[in-house]
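In case you want the letters, here they are:
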Amino acid sequence: MNLSIVGSTKSISGLLRSELQNVVHRLVKISVLTVCRNSAATIRQALDSFFAQEHAEKELVVVDGASFDGTLDIVRSYATDGLILVSEPDKGMYDALNKALTIASGDAVGVLNSDDAFHDDSVLGRVAQGLTFCDIVHGHLNFVDDHDRKRVSRRWRAEPRPANGFRSGWMPAHPTFYVRRKVAEIVGPFDLSLKVASDYDWMLRAVELYGFQTGLIDHVMVDMMLGGKSTGGLRSKIEHNIEALRSRRKWLRAGTVDFALIAKPARKLTQFI
């Protein structure tokens with residue numbers, strides 16, 4: 001399903017339905033979760049890209065792990081309605097995301113990493129529009145070296161969920177993954193026993209276990225900085241794939257070695273073309 005374009009119709013009933021859909025998606029409040037610790041070098045780009053979003057019904061929940069490098073000063077400088085800041089020690093990124101999930105008040109929820117940025121100002125509007133049709137949406141992502149030049153090193157071009165889903169090696173890009181509130185409530189918290197692939201596990205549960213409808217937004221949604229926990233190097237990639245296999249074994253009854261163990265990293269080869 002291509003959710004970036006809503007087809008028009010010449011019938012009066014169709015026009016009314018289209019206008020009603022436009023009203024509905026404008027009213028969808030989206031909670032964006034950003035967790036950080038000592039992110040002064042990058043968080044301003046993330047914040048600027050959030051507040052530049054044309055979609056009006058939004059909130060940014062920032063959960064900070066007791067930063068001491070100026071991150072808090074930067075976040076507080078944006079003091080405005082729609083920004084919630086919590087700063088306290090935590091047990092890592094996924095613990096902080098769990099805190100953010102309990103704080104979020106929106107009709108939908110997604111994550112913006114503190115060193116990433118929305119690709120343009122239309123992203124949250126597209127998310128709201130997509131979530132009037134589906135329970136879950138995801139889209140394209142660019143890997144960039146920095147947010148000034150926006151030089152693209154890799155391109156993640158999302159695909160609709162195939163018949164075998166995560167078993168086939170398919171997965172959405174987590175920074176583009178947005179769900180309705182009911183999905184987040186049913187899926188529950190991130191698994192803290194997983195150190196680098198709890199986001200993968202969370203998406204797997206959302207997509208594979210409960211029958212939610214997933215839609216593709218045919219648009220670049222996020223510019224992602226290279227060097228995160230799951231993209232930082234060979235060791236992190238190996239750790240991520242081992243933990244992802246653990247998740248599939250737990251939820252999908254995969255074997256000791258499954259097809260996705262090879263297919264998942266192989267699918268990423270096209271990102272360099």
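This text follows the structure it describes.
This report concerns the structure included in the present document. Numbers given for residues are sequential positions, taken from 1 along each chain in its written order. It should be noted that, the model being predicted, local features are given only for residues of pLDDT at least 70 and side-chain atom pairs only at 80 or more, the latter also being counted only at that level, while totals for whole chains, interfaces and linings use all residues. Side-chain metrics in this entry use all non-hydrogen atoms of the structure; hydrogen atoms and water are not considered.

## With respect to the overall build of the protein chain
Then, number 1: By definition, any uninterrupted DSSP run of H or I lasting at least four residues is a helix, any uninterrupted run of E lasting at least two residues is a strand, and each is numbered from the N terminus. Secondary structure assignment for the protein chain yields nine helices and nine strands.
Then, number 2: Whether two residues touch is decided by their heavy atoms; if any such pair falls within 4.5 Å, the residues are in contact. At a minimum sequence separation of 6, the contacts of the protein chain that also span at least 24 residues come to 76%.
Then, number 3: Method for areas: the Shrake-Rupley scheme with a 1.4 Å probe, in which residue coverage is limited to the protein chains shown. Of the roughly 12800 Å² of accessible surface on the protein chain, a fraction of 55% belongs to carbon and sulfur atoms.

## Thoughts on the packing of helix α8 (residues 234–251) against helix α9 (residues 259–267)
Then, number 1: As a packed pair, α8 and α9 sit with axes 10 Å apart at the nearest point and diverge in direction by 135°. Classed by the angle they form, the pair α8 and α9 counts as oblique. Crossing of α8 over α9 shows right-handed handedness. Counted together, H240, N241, A244, L245 and R248 of α8 and A260, L261, K264 and P265 of α9 form the full contact between these two elements. A fitted line through C-alpha atoms represents every axis, and for helices the fit uses only the stretch in contact; the resulting angles, taken between N-to-C directions, go from 0 to 180 degrees. In these notes the angle categories are as follows: under 35 degrees is roughly parallel, over 145 is roughly antiparallel, 65 to 115 is roughly perpendicular, and the rest is oblique. Here is the rule for handedness: rotate from the far helix to the near one, and if that takes an anticlockwise turn smaller than a right angle the crossing is left-handed, while a clockwise turn gives right-handed.

## What to know about the packing of aromatic side chains
Then, number 1: Centres within 6.5 Å are what make two rings of Phe, Tyr or Trp a pair, Trp counting through its six-membered ring; a difference in plane orientation under 30 degrees is then read as stacked, over 60 as edge-to-face, and the rest as tilted. In total, this model carries eight aromatic pairs according to the counting rule given.
Then, number 2: Between F190 and W202 the ring centres are 5.3 Å apart and the planes differ by 15°, which places this aromatic pair in the stacked class. You can see F190 sitting in the loop between α6 (181–187) and α7 (198–208) and its partner W202 sitting in helix α7, a full twelve residues away along the chain. Of the two residues, F190 and W202, both sit in the buried class. Relative accessible area decides the class of each residue, using a 1.4 Å probe on protein chains only: under 20% of the type maximum gives buried, over 50% gives exposed, and in between gives partly exposed.

## Considering the environment of A41
Then, number 1: Locating A41 in the fold gives a position in the loop between β1 (30–36) and α2 (43–51).
Then, number 2: Assessed through its relative accessible area of 70%, A41 is described here as exposed.
Then, number 3: Measuring from C-alpha to C-alpha, the distance between A41 and D69 comes to 9.1 Å, with 28 residues separating the pair along the chain.

## Describing the pairing of strand β3 (residues 83–87)
Then, number 1: Here, a strand pair is defined by DSSP locating no fewer than two bridges between the strands. Bridge analysis of strand β2 (residues 58–64) against β3 gives five bridges, and the strand direction is parallel. Residue pairing in the sheet places V63 in a bridge with V86 of β3.
Then, number 2: Whether a crossover is right-handed depends on one test, that the path from the first strand over the helix to the second runs clockwise when the strands point away from the viewer. Of the crossover connections in this fold, the one passing from β2 over helix α3 (residues 71–76) to the parallel β3 is right-handed.

## Quick look at the side chain of E243
Then, number 1: Within the fold, E243 resides in helix α8.
Then, number 2: Polar contacts, as counted here, are pairs of nitrogen or oxygen atoms within 3.5 Å of one another; within protein the pair requires one atom able to donate a hydrogen and one able to accept it, and residues that are adjacent in sequence qualify only if both atoms are side-chain atoms. A distance of 2.9 Å separates a polar atom in the side chain of E243 from the backbone nitrogen of A197.

## Notes on the pattern of salt bridges
Then, number 1: Between Lys or Arg on one side and Asp or Glu on the other, a salt bridge is scored when a side-chain nitrogen of the former is within 4 Å of a carboxyl oxygen of the latter. Counted under the stated rule, the structure contains 13 salt bridges.
Then, number 2: Here the salt bridges do not stand alone but share partners, grouping D135, R180 and K182 into one network.

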